[in-house]
Amino acid sequence: QVQLVESGGGLVQAGGSLRLSCAASGRTFSVYAMGWFRQAPGKEREFAAAIRWSAGFTYYADSVKGRFAISRDIAKNTVYLQLNSLTPEDTAVYYCAAVNRITSLAELVSPAYDDWGQGTQVTVSS
């Protein structure tokens, strides 16, 4: 079990930026990759970005590619999501997640991760 705590959400104007943080604790040695998902009210939870913990390879949804950047600080067991050029369509609860085992890379963009944080609200005003 990995415990994940997100922070950094808030209210920003369109075109602005935020940096989300996710601190991991517990059995972090088992983590293969960490990802960020987001869910708007009444919408399905969707993949935003993921990073392989050891290798650092990154993956992005087309909707955020070029605007968001995922990174990690191994020493701090923390993953970040830098959100730039925000639009109202980015408004959602953003969740951090950890996955311990995958059978294909496609699983990194699926919401079938093993552990989830509580979420942090990002609201973008126009």
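Residues numbered from 1 in each chain as written. Predicted model: local features only at pLDDT ≥ 70, side-chain atom pairs only at ≥ 80, totals over all residues. Heavy atoms only, no water.

### Description of the sheet that holds strand 1 (residues 2-7)
Then comes step 1: Spatial ordering of the open sheet is given by 1-3-8-7, a layout of four strands whose pairing is antiparallel. Only two strands of the sheet have a single partner each, and these edge strands are strand 1 and strand 7 (68-73). On average, each strand axis in the sheet is tilted by 20 degrees relative to the strand beside it, whichever way the strands run.
Then comes step 2: Pairing geometry for strand 7 and strand 8 (residues 78-83), over six bridges, is antiparallel. Following the sheet pairing, Arg-72 is matched in strand 8 by Val-79. (Pairing = 2+ DSSP bridges. Helix = DSSP H or I, 4+ residues; strand = E, 2+ residues; numbered from the N terminus. Axes fitted to C-alpha atoms, helices over the stretch in contact; angles between N-to-C directions.)

### Concerning the environment of Pro-88
Then comes step 1: Tracing the sequence through the fold places Pro-88 in the loop between strand 8 and strand 9 (92-99).
Then comes step 2: Residues in contact with Pro-88, not counting those within four places in the same chain, are Ala-14, Val-124, Ser-125 and Ser-126. (Contact = heavy atoms within 4.5 Å.)

### Quick look at the pattern of salt bridges
Note on pairing: side chains with opposite charge can pair once their charged atoms come close.
Then comes step 1: Evaluation of the coordinates by the stated rule reveals four salt bridges.
Then comes step 2: Ionic pairing is found between Asp-62 and Lys-65, a salt bridge with its closest N-O pair at 3.3 Å. The burial state of Asp-62 is the same as that of Lys-65; both residues are exposed.
Then comes step 3: Salt-bridge contacts for Asp-90 lead to Arg-67; the nearest nitrogen and oxygen are separated by 2.7 Å. (Salt bridge = Lys/Arg side-chain N within 4 Å of Asp/Glu carboxyl O. Buried < 20%, exposed > 50% of the residue type's maximum accessible area, 1.4 Å probe, protein only.)

### Focus on the nonpolar core
Then comes step 1: Grouped together as the largest cluster of nonpolar side chains are 37 residues, with contacts concentrated most on Leu-4, Met-34, Trp-36, Val-79, Leu-81, Leu-83 and Tyr-94.
Then comes step 2: Elements represented by at least two residues in this core include exactly strand 1, strand 3 (18-26), strand 4 (33-39), strand 5 (46-52), strand 7, strand 8, strand 9 and strand 11 (120-125).
Then comes step 3: Per element, the largest residue contribution to this core is six residues, and it comes from strand 9. (Core = buried A, V, L, I, M, F, W, Y, C linked by side-chain atoms within 4.5 Å.)

### Considerations on the side chain of Ser-21
Then comes step 1: Here Ser-21 lies in strand 3.
Then comes step 2: Those residues in contact with Ser-21 that lie beyond four places of it in its chain are Val-5, Glu-6, Ser-7, Trp-36, Thr-78, Val-79 and Tyr-80.

### Some points on the side chain of Arg-38
Then comes step 1: Relative to the assigned elements, Arg-38 resides in strand 4.
Then comes step 2: A polar side-chain atom of Arg-38 sits 2.8 Å from a polar atom in the side chain of Asp-90.
Then comes step 3: The residues contacting Arg-38, other than those within four sequence positions of it, are Glu-44, Arg-45, Glu-46, Ser-63, Val-64, Phe-68, Glu-89, Asp-90, Ala-92, Val-93 and Tyr-94. (Polar contact = N/O pair within 3.5 Å; in protein donor to acceptor, adjacent residues only side chain to side chain.)

### Let's talk about the packing of aromatic side chains
Then comes step 1: Counted according to the given criterion, the structure contains four aromatic pairs.
Then comes step 2: With 6.1 Å between their ring centres and 55 degrees between their planes, Tyr-113 and Trp-116 make a pair best called tilted.
Then comes step 3: A residue is classified by how much of its surface remains accessible, and Trp-116, at 26% relative accessible area, is partly exposed.
Then comes step 4: Clustering of aromatic rings is evident, with ring pairs tying together Phe-37, Phe-47, Tyr-113 and Trp-116.
Then comes step 5: Over the ring of Tyr-95 we find Arg-45, and its NZ or CZ is 3.9 Å from the ring centre.
Then comes step 6: Stacked on the ring of Trp-116, the Lys or Arg Arg-45 has its end atom at 4.8 Å from the ring centre. (Phe/Tyr/Trp six-rings, centres within 6.5 Å; stacked < 30°, edge-to-face > 60°. Lys NZ or Arg CZ within 6 Å of the ring centre and 35° of its normal.)

Keep in mind these numbers describe shape, not what the thing actually does.
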